[in-house]
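# Architecture and fold: a report
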Amino acid sequence: MEIWNLVFMQFERDEVGVLTPLPAPSIDTGAGLERLAGVVQGKLSNYDTDLLRALIDRTSTIAGKPYGASMSPDDVSMRVIADHARSTAFLIAEGVLPDRTGREYVLRRLMRRAIRHGHRLGIERLFLHEVALEVTSLMGGHYPSSSSAAT
């Protein structure tokens, strides 16, 4: 399992494939919170850590379907919803609201994709807010702005 990587950012590639040197090349270490949590918790998948598994379990309960940690369409949909609900909660906590440009559009796309995966699971009611509230429950104490945004 990869827990750390180095990404050397040197160029910007345009639509045609032409590389242009970046004004300030940099290195990203790629040691994310989920990777480190996986190591500490002895998990092989980020989705099995306490950072995401509770969100998957909440989605599983809402859908009325078991989560099997497989590549089945239902399990993939539950992982997408968990990941996107977390991103949604943090973006909204930072004051981002869905719209048609910039990071607002990114939020809108994340929410729509999560909702689409909910429909694939057979969820026919509003649900994304429930999974996002689970994010607040889990992480609100560590990210105070996320707990105030949900209240």
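Note that the coordinates shown come from a computational prediction; the quantities given were computed from them, not determined experimentally. (Residues numbered from 1 in each chain as written. Predicted model: local features only at pLDDT ≥ 70, side-chain atom pairs only at ≥ 80, totals over all residues. Heavy atoms only, no water.)

Once that is clear, we can look at the overall build of the protein. When helices and strands are tallied, the protein shows 6 helices and 2 strands. Along the protein, helices (α) and strands (β) appear in the sequence β-β-α-α-α-α-α-α when read from the amino end. Considered along the principal axes of its C-alpha atoms, the protein spans approximately 50 × 40 × 35 Å. Evaluated residue by residue, the protein yields a buried proportion of 29% over its 151 residues. Surface summary for the protein: the accessible area is close to 9500 Å², and the carbon and sulfur share equals 56%. Of the side-chain charges in the protein, 17 are positive and 18 negative, and the distance between the mean point of each set is 5 Å. (Helix = DSSP H or I, 4+ residues; strand = E, 2+ residues; numbered from the N terminus. Buried < 20%, exposed > 50% of the residue type's maximum accessible area, 1.4 Å probe, protein only. Areas by Shrake-Rupley, 256 points an atom, 1.4 Å probe, with all protein chains shown as cover. Lys, Arg positive; Asp, Glu negative; His and termini not counted. Charge placed at Lys NZ, Arg CZ, Asp CG, Glu CD.)

Relative to each other, helix H2 (residues 53-63) and helix H3 (residues 73-93) sit at 120°, their axes nearing to 8 Å. As the angle between them shows, H2 and H3 are arranged oblique. Crossing angle aside, the handedness with which H2 passes H3 is right-handed. Residue-level contacts link Leu 55, Ile 56, Thr 59 and Ser 60 of H2 to Met 78, Arg 79, Ile 81, Ala 82 and Arg 86 of H3. Considered class by class, the residues forming the contact of H2 with H3 number 5 nonpolar, 2 polar and 2 charged. (Axes fitted to C-alpha atoms, helices over the stretch in contact; angles between N-to-C directions. Parallel < 35°, antiparallel > 145°, perpendicular 65-115°, else oblique. Left-handed = near helix turned anticlockwise from the far one by under 90°. Contact = heavy atoms within 4.5 Å. Nonpolar A, V, L, I, M, F, W, Y, C, P; charged D, E, K, R; others polar.)

Glancing now at unusual backbone geometry. Despite not being glycine, Ala 69 has its phi angle at roughly 55°, a positive value. You can call Ala 69 partly exposed: its relative accessible area is 46%.

All right, on to the side chain of Asp 75 then. Relative to the assigned elements, Asp 75 resides in helix H3. With sequence-adjacent residues up to four places away left out, Asp 75 is seen in contact with Pro 66, Tyr 67, Gly 68, Ala 69 and Ser 70.

Moving on, we get to the environment of Arg 109. Within the fold, Arg 109 resides in helix H4 (residues 102-120). Expressed as a C-alpha distance, the spacing of Arg 109 and Thr 88, which sit 21 residues apart in the sequence, is 9.9 Å.

Time to look at the environment of Glu 2. By the element assignment, Glu 2 lies in the segment before strand E1 (7-13). Under the relative-accessibility criterion, Glu 2 is labelled partly exposed at 45%. Residues Glu 2 and Pro 23, 21 residues apart in the sequence, show an inter-C-alpha distance of 30 Å.

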